[in-house]
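# Summary of the model geometry
So the chains spell out like this:
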Amino acid sequence: DPQQLELATSGKRKLRRFIVIDEVVDKLYGSKVREYFEENNVQHKILALPTTEETKSMDLVLNILQEVQNFSIDRRTEPIIAIGGGVCLDIVGLAASLYRRRTPYIRVPTTLLSYVDASVGAKNGVNFLQCKNKLGGYTPPVASFLDRSFIQSIPRRHISNGLGEILKMALMKHKGLFDLLKTHGKHLLDTKFQSYSGSTDHGDAALQTTRIAIETMLEELAPNLWEDDLDRLVDFGHLISPELEMRVLPLLMHGEAVNIDMAFMTYVAYMRGLITAEEKEQIIQCMRGLELPVWHGGCSWPLIKRALMERLKHSGGQPRMPLPTGLGVAEIFNDTSEETLERAYKLWVRD
């Protein structure tokens with residue numbers, strides 16, 4: 001809106017911003033964020049909060065909204081800014097969508113997982129009654145600002161965690177991305193996704209992998225932003241993992257739980273004859289190379305059955321099971337028998 005732009009840049013009214021930042025990110029980067037707003041003469045309120053799966057609740061959303069109300073923002077010209085990992089972006093997105101029915105917000109992801117996953121799409125939400133993201137909505141941000149320099153300060157395990165979601169897109173949609181992960185996975189972990197001019201052997205693997213992961217994610221999400229079509233390849237790794245993740249909190253991170261789900265489904269695809277033994281082995285070895293768990297004792301056969309029953313409830317009575325049919329190609333199946341699943345489970349546990 002030209003009038004709003006004129007108002008914002010004319011100096012007639014001081015710029016104001018409300019920022020929610022994860023408390024760990026605040027310790028690392030909070031001073032730089034404050035300095036930025038002060039340098040640009042922006043009146044601001046920075047709310048640092050513990051944003052973890054355990055605190056991802058409606059209580060935290062209401063806490064944010066109380067502070068937003070106290071700060072008193074103009075919902076047309078003053079977007080709320082979320083700086084943190086996926087949990088932070090989810091919580092703030094839900095808070096913004098509720099405040100005065102919809103207040104614009106901006107996502108600034110600071111972990112690899114949120115960079116390639118939570119930064120893309122319209123979903124936001126919180127956990128409820130021990131169920132993952134049971135409350136939420138679809139409100140896209142007005143922008144996502146991507147800066148890989150945040151990733152250099154996160155622990156190696158968190159890098160690996162993000163690689164789980166990148167591998168998901170590789171297995172479902174992009175053989176080239178799978179090859180990049182296989183070839184450069186250790187380098188990406190060692191360099192924490194930073195681009196160095198001296199690493200000519202690897203090209204700019206960090207830029208390539210993140211760009212392809214985001215582009216393939218957008219290809220899948222953009223035509224189906226509100227999930228009207230329940231057949232979604234991006235659900236690979238998300239059939240059993242929500243149940244597993246909530247059951248063993250805080251032992252598994254999101255990307256790790258997703259990878260355990262993907263490892264099991266790789267065995268299901270093999271048992272159905274969709275992929276060869278060699279392809280199955282390539283996938284599992286790639287997962288190991290990315291330092292991702294390929295099995296967890298909490299993923300019992302009863303948990304798998306319960307998770308798949310839950311899936312049926314929320315996907316129109318069909319399992320809508322995405323499975324690889326090769327490396328970088330996949331289809332959705334509704335006809336996998338319980339006997340096949342159980343045989344795949346036994347082989348998976350044995351291996």
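Here the residue index of a chain counts from 1 through its sequence in written order. Given that this is a predicted model, residues contribute local features only at a pLDDT of at least 70 and side-chain atom pairs are listed and counted only at 80 or more, while totals for whole chains, interfaces and linings are drawn from all residues. Based on all heavy atoms of the structure, the side-chain values leave hydrogens and waters out of the count.

Viewed as axis vectors pointing N to C, helix H10 (residues 254-271) and helix H11 (residues 277-289) meet at an angle of 170°, and their least axial separation amounts to 9 Å. Classified by the interaxial angle, the pair formed by H10 and H11 is roughly antiparallel. Residues Asn259, Met262, Ala263, Thr266, Tyr267 and Tyr270 of H10 form the contact with H11, whose own contacting residues are Ala277, Lys280, Ile283, Ile284 and Met287. Here the residues of the contact of H10 with H11 sort into eight nonpolar, two polar and one charged. In this description, a line fitted to the C-alpha atoms serves as the axis of each element, helices being fitted only across the stretch in contact, and the angle between N-to-C directions of two axes falls anywhere from 0 to 180 degrees. Going along the chain from the N terminus, every DSSP run of H or I of four or more residues is numbered as a helix, and every run of E of two or more is numbered as a strand. Convention used here: angles under 35 degrees read as roughly parallel, angles over 145 as roughly antiparallel, angles from 65 to 115 as roughly perpendicular, and any remaining angle as oblique. Note on definitions: a residue-residue contact is assigned when non-hydrogen atoms from the two residues lie within 4.5 Å. Residues are grouped as follows: Ala, Val, Leu, Ile, Met, Phe, Trp, Tyr, Cys and Pro are nonpolar; Asp, Glu, Lys and Arg are charged; all remaining types, including Gly, are polar.

Let us look at the pattern of salt bridges. When a carboxyl oxygen of Asp or Glu is within 4 Å of a side-chain nitrogen of Lys or Arg, the pair counts as a salt bridge. Evaluation of the coordinates by the stated rule reveals 28 salt bridges. Residue Glu310 is joined to Lys134 by a salt bridge in which the shortest nitrogen-to-oxygen separation is 3.7 Å. Here Glu310, found in helix H12 (residues 301-314), pairs with Lys134, found in strand E6 (residues 131-138); they are 176 residues apart in sequence, far enough to count as distant. Assessed through its relative accessible area of 27%, Glu310 is described here as partly exposed. When accessible area is computed with a 1.4 Å probe and restricted to protein chains, residues below 20% of their type maximum are described as buried, those above 50% as exposed, and intermediate ones as partly exposed. Of the residues examined, Lys134 reaches a relative accessible area of 39% and is grouped as partly exposed.

A separate point is the nonpolar core. Leu167 and Phe264 are the most contacted members of the largest nonpolar core, which has 70 residues in total. By residue number, the principal contributor to this core is H10, which donates 10 residues. The start and end points of each domain follow an automatic or database-based domain assignment. Each of domain 1 (2-152) and domain 2 (156-350) gives at least three residues to this core. Look past the residues within four positions of Leu167 in its chain and what remains in contact with it is Phe178, Leu181, Asn259, Met262, Cys286, Met287 and Leu290. If you look at the next biggest cluster of nonpolar residues, it comprises 25 residues, including Cys88, Ile91, Leu94 and Ala96. Think of a nonpolar core as a cluster: buried Ala, Val, Leu, Ile, Met, Phe, Trp, Tyr and Cys residues, connected wherever their side-chain atoms sit within 4.5 Å.

Of all five residues making up strand E4 (residues 105-109), five are buried, and the element is well covered by its neighbours. Side chains Tyr105, Arg107 and Pro109 project from E4 onto one buried face, and the interleaved Ile106 and Val108 project onto a second face that is buried too. Only strands joined by at least two bridges in the DSSP assignment are considered to pair. As paired strands, strand E3 (residues 80-84) and E4 are joined by five bridges and run parallel to one another. Bridging from a neighbouring strand, Ile81 pairs with Ile106 of E4. A crossover connection joins E3 to the parallel E4 through helix H4 (residues 86-98); in handedness this β-α-β unit is right-handed. With two bridges connecting them, E4 and strand E7 (residues 143-144) associate as parallel partners. Residue pairing for E7: Arg107 is matched across the bridge by Ser144. Crossover handedness is defined by viewing with both strands directed away from the observer: a clockwise path from the first strand over the helix to the second marks the crossover as right-handed.

Along its sequence, the chain is organised into domain 1 (2-152) and domain 2 (156-350). For domain 1 versus domain 2, the separation of C-alpha centres amounts to 28 Å. Buried area between domain 1 and domain 2, summed over both chains or domains, comes out near 2,300 Å², and the portion from carbon and sulfur atoms is 68%. Joining two parts hides part of their accessible area as seen by a 1.4 Å probe, and the buried area is that hidden amount summed over both. Per-residue buried area on domain 1 facing domain 2 is highest for Leu112, Leu113 and Arg148; these three make up 27% of the total on that side. At the boundary of domain 1 with domain 2, the tally comes to three salt bridges. What qualifies as a polar contact is a pair of N or O atoms within 3.5 Å, subject to a donor-acceptor requirement within protein and to the restriction that residues adjacent in sequence count only when both atoms come from side chains. Here domain 1 is connected to domain 2 by six residue pairs in polar contact (both at pLDDT 80 or more). Counting residues per element, the ones that place at least two in the side of domain 1 that touches domain 2 are helix H5 (112-118), strand E5 (123-128) and E6.

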